[in-house]
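Structural description and commentary
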Amino acid sequence: MVKTIYWENNVVMMLDQSRLPLEVVYVECRNYQTVAEGIKKLWIRGAPAIGIAAAMGIALGAQEIQAQNFDEFVEGLQPVFETIHATRPTAVNIHWAIERIKRFLADHKDERVDTLKRMLIEEGTRILEEDIAVNRKIGEYGAQFIRDGDTILTHCNAGSLATGGFGTATAAMYVAHEQGKRIQVFADETRPVNQGARLTSWELMQAGIPVTLITDNSAGAIMKRGLIDLAIVGTDRTTRNGDVANKIGTYTVAVMCREHGIPFYVAAPLSSIDFTLDSGDKIIIEERHPDEVRTIWGHQIAPHGVNVLNLAFDVTPSRYVTAFFTEKGAFRPRDLRRLGQEGVDIDAIRYVGAC
Ligand code: MRU
């Protein structure tokens, strides 16, 4: 499986996904500003992957700080936090990573500045390693909902390219495939940036999973023909009531699934669940540059200057979600909020499903 991001000799190596699938090129990020640029320009994208990039970017920024003591060090980090935080607003993982690093620093106030710099590098790598383990657990729980012979629809790329490891939506597919289940996948191309066409179909082909690429507008017709057994997507931010922000078009897929009686699953690591928000109405939806819609890979396909509304994400109300696949198990939307509470008996609220 191709590595999305890794730390090597004080450099963050970032696979430039904007060039996939034509070229496999790593950008060497030597400072936090380059990491922030990479997040904004979608060299790296996908909620968990940009959370990892945020942590590694902070570690890079930390190396440049000249400080005599803890307070000066943390003060020096403020512009780093702010720059990374301002990159993309919807995926909660960036915020999650920054808050985790702030807590980590607060827990190590007594360390020397040099030690803290080294520890932040280790923490960035730890977040990557944890994500790999989380992906695997999501896959193991999710695969229980996939039967031999199933055809799965997915939207955007919630794949290994969007994470440190197996992906989230794709993790269930990879584990089912490992288990010998004969599955196939329909991948929505996912305009305007075509993560489905460029990334999901590419990585599934590499993994040997049969994949059929479809235009976004085909999904309903294909469901009507009875070709889809279940849908699995990822999420950028899910609120505690189970509303799901994910790539624009996810909402349409969810509604079509309901219309056709198809289960609609969301693979959601706990780092993508925002327990501070009670509903999806409060999620900030990123609007991206009009040229992403007016052009395809630099080629103009619409009149110059035409008005464009380019929403990068939409919010699917929780009532359309059959269940969430997380690293702690599968859960109904109504039980999601309990995952954020102390002392909950997880076994009692797990969703076992029909399989
Ligand atoms: O704009 P992107 O490519 O960052 O959008 C990514 C998605 O919408 C993914 O489905 C989501 O981040 C989940 S990735 C495991």
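Residues numbered from 1 in each chain as written. Predicted model: local features only at pLDDT ≥ 70, side-chain atom pairs only at ≥ 80, totals over all residues. Heavy atoms only, no water.

Domain assignment breaks the protein into domain 1 (5-134) and domain 2 (145-349). Distance between the C-alpha centres of domain 1 and domain 2: 25 Å. The interface is formed by 27 residues belonging to domain 1 together with 32 residues belonging to domain 2. Summing the contributions of domain 1 and of domain 2, the shared interface buries around 2,300 Å²; its carbon and sulfur component is 58%. Looking at the side of domain 1 facing domain 2, the largest losses of area belong to Arg45, Thr90 and Val92, adding up to 25% of the total buried there. (Domains from an automatic or database assignment. Contact = heavy atoms within 4.5 Å. Buried area = accessible area lost by both parts, 1.4 Å probe.)

Relative to each other, helix H2 (residues 47-63) and helix H5 (residues 113-143) sit at 170°, their axes nearing to 8 Å. In terms of axis orientation, H2 runs roughly antiparallel to H5. Judged by residue contacts, Pro48, Ile52, Ala55, Met56, Ala59, Ala62 and Gln63 of H2 engage Lys117, Leu120, Ile121, Gly124, Thr125, Ile127, Leu128 and Asp131 from H5. In the contact of H2 with H5, the residues fall into 10 nonpolar, 3 polar and 2 charged. (Axes fitted to C-alpha atoms, helices over the stretch in contact; angles between N-to-C directions. Helix = DSSP H or I, 4+ residues; strand = E, 2+ residues; numbered from the N terminus. Parallel < 35°, antiparallel > 145°, perpendicular 65-115°, else oblique. Nonpolar A, V, L, I, M, F, W, Y, C, P; charged D, E, K, R; others polar.)

What follows is about the pairing of strand S6 (residues 211-214). In terms of strand pairing, strand S5 (residues 184-188) meets S6 through 4 bridges, oriented parallel. In the sheet register, alanine 187 faces S6, and the bridge partner there is leucine 213. Once the chain exits S5 it traverses helix H7 (residues 195-206) before rejoining the sheet at S6, and the crossover so formed is right-handed. (Pairing = 2+ DSSP bridges. Right-handed = clockwise from strand over helix to strand, strands pointing away.)

Spatially, the 3 strands line up as an open sheet ordered S1-S2-S3, and their pairing is antiparallel. Looking at strand neighbours, the two that pair on one side only are strand S1 (5-8) and strand S3 (26-29), the edges of this open sheet. If you compare each strand with its neighbour and ignore which way they point, the axes differ by 25° on average. Sheet analysis places S1 next to strand S2 (residues 11-15), joined by 4 bridges and oriented antiparallel. Note on S2: the bridge partner recorded for tryptophan 7 is valine 12. Sheet strands in contact with H2 are S1, S2 and S3, and its direction is about 20° off that of S1.

Those residues of helix H1 (residues 32-40) not exposed but buried are Tyr32, Thr34, Val35, Ala36, Gly38 and Ile39. Elements that come into contact with the buried residues of H1 comprise S2, S3, H2, helix H3 (70-85) and helix H4 (92-106). The first or second residue beyond H1 is leucine 42, which carries a positive phi of 65°. (Buried < 20%, exposed > 50% of the residue type's maximum accessible area, 1.4 Å probe, protein only.)

Near the ligand you find 17 residues, and of these Arg45, Arg88, Gln195, Asn246 and Lys247 are the closest. Residue aspartate 236 places a side-chain N or O atom 2.9 Å away from an oxygen atom belonging to the ligand. If the ligand stood free it would expose 420 Å²; the protein chains cover 100% of that surface. Elements represented by at least two residues in the shell around the ligand include exactly H2 and strand S9 (244-247). A domain-level breakdown of the shell around the ligand finds at least three residues from each of domain 1 (5-134) and domain 2 (145-349). (Near = heavy atom within 4 Å. Polar contact = N/O pair within 3.5 Å; in protein donor to acceptor, adjacent residues only side chain to side chain. Areas by Shrake-Rupley, 256 points an atom, 1.4 Å probe, with all protein chains shown as cover.)

Where nonpolar side chains cluster on the molecular surface, the patch consists of Leu22, Ile296, Trp297 and Ile301 and spans about 440 Å² of accessible area. In this structure, isoleucine 301 sits in the loop between strand S13 (299-300) and strand S14 (313-316). (Patch = residues over 30% accessible without salt bridge, like charges linked within 9 Å, V, L, I, M, F, W, Y side chains within 5 Å. Salt bridge = Lys/Arg side-chain N within 4 Å of Asp/Glu carboxyl O.)

The subject of this paragraph is unusual backbone geometry. With an omega of 5°, the peptide bond running from leucine 20 to proline 21 counts as cis. As for its position among the elements, proline 21 is in the loop between S2 and S3. With omega at 5°, the peptide bond leading from arginine 191 into proline 192 counts as cis. Here proline 192 shows up in the loop between S5 and H7. Backbone geometry places asparagine 9, a non-glycine residue, at a positive phi of 45°. Its place among the elements puts asparagine 9 in the loop between S1 and S2. You will see that asparagine 10, though not glycine, has its phi angle at about 60°, which is positive. Following the sequence through the fold, asparagine 10 ends up in the loop between S1 and S2.

Moving on, we get to the nonpolar core. Val35, Phe73, Leu77, Leu105 and Leu120 are the most contacted members of the largest nonpolar core, which has 45 residues in total. Looking at this core, the elements that each hand over two or more residues are S1, S2, S3, H1, H2, H3, H4 and H5. With 12 residues, the single largest contributor to this core is H2. Beyond its immediate chain neighbours, meaning those up to four positions away, leucine 105 contacts Phe70, Phe73, Val74, Leu77, Phe81, Leu116 and Leu120. (Core = buried A, V, L, I, M, F, W, Y, C linked by side-chain atoms within 4.5 Å.)

Attention now goes to the environment of proline 290. With respect to the helices and strands, proline 290 occurs in the loop between strand S11 (273-274) and helix H10 (291-294). Sequence separation between proline 290 and threonine 252 is 38 residues; the distance between their C-alpha atoms is 21 Å.

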